[in-house]
Amino acid sequence: MGEMITLDSGGQKFDTYLSEPSGETRGGVIVIHEIWALNDHTKDIADRFAREGYVALAPDLLSDLNLVQEKAKQLQQDLFNPQTRNEAQPKIRALMAPIQTPDFAPRTLAKVKACFEDLYKRPEVGQKVAVIGYCFGGSYSFSLAMSEPRLKIALPFYGHTTDDIEELRKIKCPVRAFYGENDVNL
């Protein structure tokens, strides 16, 4: 349904999946993937938003890691398989080490902001932009909410945010955060 496009964040190009409604547009939504990078599941979520009337952008925020869909899928399967979990964990830690560097979070948030600006400037979106994110993406949903006062709503599914009350006070939109009642912090 959608297509891959390239956006720019301060001279840094990154791939983004764009899915547009076939009829009337109700607004725009940024769909931020889990730690497994942009995959078919995340693209399907964007397509579902488009079918409901939203222009959806799903950025590939981990393209710097060369985490291709097949590799991510195999690592995910190995991690959730009790027989291969122990071998998978060090591989995942090594692959994800770059997200712990000091420049990763600001660079990644800049990409999310570029998605916001793209949607916000589209006349058919009408300056009604939301963000939804899953786990890794949930954290960046919170980050965008703290840094973008024009955001209409943030919908993090899991994810972390700061404990700094002053930073949290910067949030101007509603936040509807979703966490499993019986899940433990992993």
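Residues numbered from 1 in each chain as written. Predicted model: local features only at pLDDT ≥ 70, side-chain atom pairs only at ≥ 80, totals over all residues. Heavy atoms only, no water.

Draft legend 1. How the structure looks around the overall build of the protein. When its secondary structure is counted, the protein shows six helices and six strands. Taking 16 Å as the expected radius of gyration for a compact globule of 186 residues, we find that the protein reaches 16 Å, a close match to that expectation. Overall, the C-alpha framework of the protein stretches about 50 × 40 × 40 Å when taken along its three principal axes. A total of 186 residues make up the protein; the buried ones form 44% of that total. (Helix = DSSP H or I, 4+ residues; strand = E, 2+ residues; numbered from the N terminus. Rg over C-alpha atoms; globule rule 2.2 N^0.38 Å. Buried < 20%, exposed > 50% of the residue type's maximum accessible area, 1.4 Å probe, protein only.)

Draft legend 2. Here's a closer look at the pairing of strand β6 (residues 153–157). Sheet analysis places strand β5 (residues 129–134) next to β6, joined by five bridges and oriented parallel. Considered in β6, the bridge of Val 131 is made with Ala 154. For the segment spanning β5, helix α5 (residues 136–147) and β6, crossover handedness is right-handed. (Pairing = 2+ DSSP bridges. Right-handed = clockwise from strand over helix to strand, strands pointing away.)

Draft legend 3. A look at the sheet that holds strand β4 (residues 54–59). Taken together, the six strands give an open sheet; going across it, the order is β1-β2-β4-β3-β5-β6, and neighbouring strands pair in mixed fashion. Unpaired on one side and paired on the other, β1 (3–9) and β6 mark the two borders of the sheet. Between one strand axis and the next, the sheet turns through 25° on average, direction left out of account. Here five bridges tie strand β3 (residues 27–32) to β5, and the two strands are oriented parallel to one another. Residue pairing across strands places Ile 32 opposite Gly 133, the latter belonging to β5. (Axes fitted to C-alpha atoms, helices over the stretch in contact; angles between N-to-C directions.)

Draft legend 4. Quick look at the environment of Pro 123. Its location among the elements puts Pro 123 in the loop between α4 (104–121) and β5. Between the C-alpha atom of Pro 123 and that of Gly 27, which follows or precedes it by 96 residues, the distance is 9.7 Å.

Draft legend 5. Up close: the nonpolar core. By size, the foremost hydrophobic cluster in this structure holds 41 residues, and its most contacted members are Ile 30, Val 129 and Leu 151. At eight residues, α4 tops the list of elements feeding residues into this core. Those residues in contact with Leu 151 that sit more than four places away from it in its chain are Phe 116, Val 129, Ala 130, Val 131, Leu 144, Ala 145 and Cys 173. (Core = buried A, V, L, I, M, F, W, Y, C linked by side-chain atoms within 4.5 Å. Contact = heavy atoms within 4.5 Å.)

Draft legend 6. Structural detail: the pairing of β1. The sheet contact formed by β1 and strand β2 (residues 12–19) spans seven bridges and is antiparallel. Of the residues in β2, the one forming a bridge with Met 4 is Tyr 17. Here β1 hands over to β2 after two residues, with Gly 10 in that stretch at a positive phi of 60°.

Draft legend 7. Quick peek at helix α3 (residues 85–96). Between its first and last C-alpha atoms α3 spans 16 Å; for 12 residues at 1.5 Å apiece the expected length is 16 Å, and the two agree. Every buried residue belonging to α3 is among Ala 88, Ile 92, Leu 95 and Met 96, and all of these are buried. For α3, the arc enclosing every buried residue in end-on projection is 85°, short of the 170-degree limit, so these residues lie on one face. Exposed side chains of α3 directed beyond 90 degrees from the buried face belong to Asn 86, Arg 93 and Ala 94. (Expected span 1.5 Å × (residues − 1). Arc of directions from axis to C-beta.)

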